[in-house]
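Descriptive analysis of the structure
Chain by chain, the residues run as shown.
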Amino acid sequence: MTAQPPEEPTPRPVPSGELRASHDDREAVVEQLRDAAAEGRIDLDELDSRLEQALTSKTYGELALLTADLPQAPSSAAENLPPLVLKGGMYGASRGPGRWEVPGHVIAHAGVGGVSLDFTRVECRFTEVVVEAYGETSGVTIVIPDGWAADTTGLAPGFGGLKDRTTPDRLPGTPLIRLTGSGGMAGVVIRHPSKRERRKLDGNATRG
């Protein structure tokens, strides 16, 4: 009888706080620390210390510790952003995965073509973002970064239902996606990036 090769161990999912931070992630924390110093929340000595740590931080968790005691208030420019409305129509609509500034309210009507929302590389200055999704005929798919969390209790499942594949692990300083609307006929999916999407994000971070 031929011996079966030993099964390879299943890779352990990396906790969100241990995921590698990019140059853009570090720069965002540096900007937040400088704003906090300008507002008198931290003194100059502490600013210097935190800036040094921010520039040498390797993970999301290390960066989160540097801003955990600072308020996450949206800027006045972000507060004035109008709601983003996406209509799938006949051919579909999407926003992301590139850089885009997130307003406090996003409305997605799937229509016949469907809608895709990707928050993995966004600039977001809100502590909460309301995503109003209507699955209609073709469905809405929402991708949020590791470390972000979602509250899906405000969405009516409808016939298509809701698939929530997110984890409750929310890093300090990250937004909460508050999902409302209806699953409609085709449903709504909210999830973190797939393995293929993670590889692409890691490649972009390396090139950055």
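Keep in mind the model is a prediction, meaning the values are calculated, not measured.

1. Re the pairing of strand 9 (residues 176-182)
- Bridge count for strand 5 (residues 128-134) against strand 9 is seven bridges, and the pairing is parallel. Bridging across to strand 9, Glu132 finds its partner in Thr180.
- As paired strands, strand 7 (residues 149-156) and strand 9 are joined by six bridges and run parallel to one another. Looking at strand 9, one finds that Gly154 is bridged to Thr180.

2. Describing the sheet that holds strand 4 (residues 115-118)
- Strand order in the open sheet made by the five strands is 2-4-6-10-8, with parallel pairing throughout. Edge positions in the sheet fall to strand 2 (93-95) and strand 8 (162-165), since each of these pairs with one other strand and no more. Neighbour to neighbour, the strand axes of the sheet diverge by 5 degrees on average, direction disregarded.
- By the bridge criterion, four bridges tie strand 4 to strand 6 (residues 140-143) in an arrangement that is parallel. The partner of Ser116 across the bridge, within strand 6, is Thr141.

Here is what the cut-offs are and how they apply
Residues numbered from 1 in each chain as written. Predicted model: local features only at pLDDT ≥ 70, side-chain atom pairs only at ≥ 80, totals over all residues. Heavy atoms only, no water. Pairing = 2+ DSSP bridges. Helix = DSSP H or I, 4+ residues; strand = E, 2+ residues; numbered from the N terminus. Axes fitted to C-alpha atoms, helices over the stretch in contact; angles between N-to-C directions.

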